[in-house]
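Examination of the molecular architecture
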Amino acid sequence: MKTEIYNAKTQKENGTNLGGRLIRAGGLVAFPTETVYGLGANGLDGEAVNKIFDAKGRPSDNPLILHIAKKSDVKPLWRHVPDDARRLMDAFWPGPLTLIYLKSDIVPNEVTAGLDTVAVRMPENKTALALIRAAGVPIAAPSANLSGKPSPTTAEHVIEDMDGRIDMIIDGGPCRVGVESTVLSLVGTPTILRPGGITKEMIETVLGSVQVARAVLNPLQEGEVAESPGMKHRHYAPDCQVIVAQGSPRHAASIINREYELAEIEGKSCIIFATEQTKGYYRGRKYVIIGDRDMPSTLCAALFNALREESGKVDLILAEGIPAEDQGLAYMNRLLRASGFTVLNK
């Protein structure tokens, strides 16, 4: 298969119009959002949705998100629209918040992995919205990467994984947020299943108290169902080992330096994911600064690109853990899954 590549700036209308036609015809189109690049298919066509799983090598028990272009588009997808959802849509849509509620009969089981709920969001990215409008249907889309690998935040990442596997890639430049949307279930007590750019604290200004699922910072237990994308045990993983060091900045750095030395003795190549505040602890060692501990959004924006950049180049990535608060929760969710929950605290 030849994958067509369009530039969202110089070929804007051509790209989204052709992409819309391809989606309606049952094809696959990768497109930018404010979070990461998505791999889209007609969300009302089960056969088209199955092509996503084939292209990604994605397990069929991993549900997808339906992307819509206006708030009213959610009505036919859910059995009804609860009041909490309306309040959240008014506060955060368009934006990086996905809402889960009971699905209607028009949503294929292929989208929901057989669950009786469906996840819906309205992206903020203008190219994404134009593509959805051109398609005229909800677009089912996970991240546009091979299953298990770090999510793509640039078109180059998508090309690396998907060239020859899908019909089209729309290049919209780097994604602003850098991690996937927050996923909030509204079935029963509002519960965050996957943290993202819309934080628990922000949601609580609208709804009051909100729960965080145990699996956000822990692996799924045996027999536990993945209710949301990104809940699998090992996810976002590069082609090398990742170890997370927990504790205060100084304590985490001491663990990292110890593991770095042990790995070098074993002949392994290593790199450290440092922050602006901790770079001084790693003099004489190979490290990259991926952001600011006091601004977790900078870490979120850089993580997937850093994981991809080092994937296959080193044997071991040593990364500092940060407090799982505000956007730090989203960062730690991705980092822990990238490591397969390989964590050292002493």
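Residues numbered from 1 in each chain as written. Predicted model: local features only at pLDDT ≥ 70, side-chain atom pairs only at ≥ 80, totals over all residues. Heavy atoms only, no water.

Geometry of a packed helix pair, given as the angle between the helix axes and the separation of the axes. Packing of helix α9 (residues 296–310) against helix α10 (residues 327–338) leaves a shortest axis separation of 8 Å and a crossing angle of 20°. Classified by the angle between their axes, α9 and α10 sit roughly parallel to one another. The handedness of the crossing between α9 and α10 comes out as left-handed. Facing α9, whose interface residues are Pro 296, Ser 297, Leu 299, Cys 300, Leu 303, Phe 304 and Leu 307, α10 presents Gln 327, Gly 328, Ala 330, Tyr 331, Arg 334, Leu 335 and Ala 338. Partitioned by chemical class, the residues of the contact of α9 with α10 number ten nonpolar, three polar and one charged. (Axes fitted to C-alpha atoms, helices over the stretch in contact; angles between N-to-C directions. Helix = DSSP H or I, 4+ residues; strand = E, 2+ residues; numbered from the N terminus. Parallel < 35°, antiparallel > 145°, perpendicular 65-115°, else oblique. Left-handed = near helix turned anticlockwise from the far one by under 90°. Contact = heavy atoms within 4.5 Å. Nonpolar A, V, L, I, M, F, W, Y, C, P; charged D, E, K, R; others polar.)

Along the chain, Thr 191 falls in strand β10 (residues 191–194). Residues Thr 191 and Arg 214, 23 residues apart in the sequence, show an inter-C-alpha distance of 9.9 Å. Apart from residues no more than four positions distant in its own chain, Thr 191 is found in contact with Val 183, Leu 184, Ser 185, Gln 211, Val 212 and Ala 213.

Within a regular strand, side chains alternate between the sheet's two faces. In terms of burial, strand β15 (residues 316–320) is largely enclosed, as five of its five residues are buried. A two-sided burial pattern is seen for β15, the buried positions comprising Leu 316, Leu 318 and Glu 320 on one face and Ile 317 and Ala 319 on the other. Pairing of strand β12 (residues 241–245) with β15, which is carried by five bridges, proceeds in the parallel orientation. Within β15, the position partnered with Ala 245 by the bridge is Glu 320. (Buried < 20%, exposed > 50% of the residue type's maximum accessible area, 1.4 Å probe, protein only. Pairing = 2+ DSSP bridges.)

This paragraph deals with the nonpolar core. Among the nonpolar cores identified, the biggest contains 63 residues, and Leu 88, Leu 99 and Leu 184 are the most heavily contacted of them. When residues no more than four places from it in sequence are discounted, the contact partners of Leu 88 are Trp 93, Leu 97, Leu 99, Leu 184, Leu 186, Ile 203, Val 206 and Leu 207. Core analysis: the next-biggest nonpolar cluster, separate from the first, contains 27 residues, Val 36, Val 179, Val 244 and Ile 290 among them. (Core = buried A, V, L, I, M, F, W, Y, C linked by side-chain atoms within 4.5 Å.)

The strands making up a sheet are joined through hydrogen bonds of the backbone, oriented either antiparallel or parallel. Spatial strand order, β1-β8-β2-β3-β7-β4-β6-β5-β9-β10-β11: eleven strands in an open sheet with mixed pairing. Either end of the sheet is taken by a strand with one partner, and the two such strands are β1 (4–7) and β11 (211–212). Across three bridges, the pairing between strand β4 (residues 65–67) and strand β6 (residues 117–121) is parallel. Pairing of Leu 66 across the sheet is with Val 120, part of β6. Along the sheet, helix α6 (residues 155–162) makes contact with β1, β2 (29–31), β3 (38–42) and β8 (168–171), crossing β8 at roughly 165°. Against the sheet, helix α7 (residues 200–207) makes contact with β5 (97–102), β9 (182–185), β10 and β11, and its axis sits at roughly 40° relative to β9, the strand it touches most.

Right, let's talk about the pattern of salt bridges for a bit. A full pass over the atoms with the stated rule returns 17 salt bridges. Lys 71 serves as the salt-bridge partner of Asp 90, at 3.3 Å between the closest nitrogen and oxygen. Remark: Lys 71 occurs in the loop between β4 and α3 (83–92) and Asp 90 occurs in helix α3; sequence separation between them is 19 residues. Residue Asp 90 is classed as exposed on the basis of its relative accessible area, which comes to 58%. With relative accessibility at 31%, the residue Lys 71 sits in the partly exposed group. Among the charged side chains, a network of salt bridges with common partners joins Lys 149, Glu 160, Asp 161 and Arg 308. (Salt bridge = Lys/Arg side-chain N within 4 Å of Asp/Glu carboxyl O.)

As for its placement among the helices and strands, Ile 192 is situated in strand β10. Ile 192 gets classed as buried once you look at its relative accessible area, which sits at 1%. Sequence separation between Ile 192 and Ala 215 is 23 residues, and the spatial gap between their C-alpha atoms is 9.8 Å.

What follows concerns the side chain of Ser 151. In this structure, Ser 151 sits in the loop between β7 (139–140) and α6. A distance of 2.3 Å separates polar atoms of two side chains, one belonging to Ser 151 and the other to Glu 180. For Ser 151, the contacting residues outside a window of four places in its chain are Val 36, Ser 143, Asn 145, Glu 180, Tyr 236, Phe 304 and Arg 308. (Polar contact = N/O pair within 3.5 Å; in protein donor to acceptor, adjacent residues only side chain to side chain.)

Among the ten residues of helix α5 (residues 126–135), seven are classified as buried, and the element is accordingly described as predominantly covered. Every buried residue of α5 is listed here: Thr 127, Ala 128, Leu 129, Ala 130, Leu 131, Ile 132 and Ala 135. Where α5 begins, the capping side chain belongs to Asn 125, and its oxygen is found 2.9 Å from the backbone nitrogen of Thr 127. Directly beyond the C-terminal end of α5, a positive phi value near 75° is found at Gly 136.

Turning our eyes to something else, we now look at the sheet that holds strand β14 (residues 287–289). Spatially, five strands are ordered β14-β13-β15-β12-β16 in an open sheet, and the strand pairing comes out parallel. Each of the sheet's edge strands pairs with one partner strand only, and the pair in question is β14 and β16 (343–344). The strands that α9 touches are β12, β13 (270–274), β14 and β15; relative to β13, the one it contacts most, it runs at about 170°.

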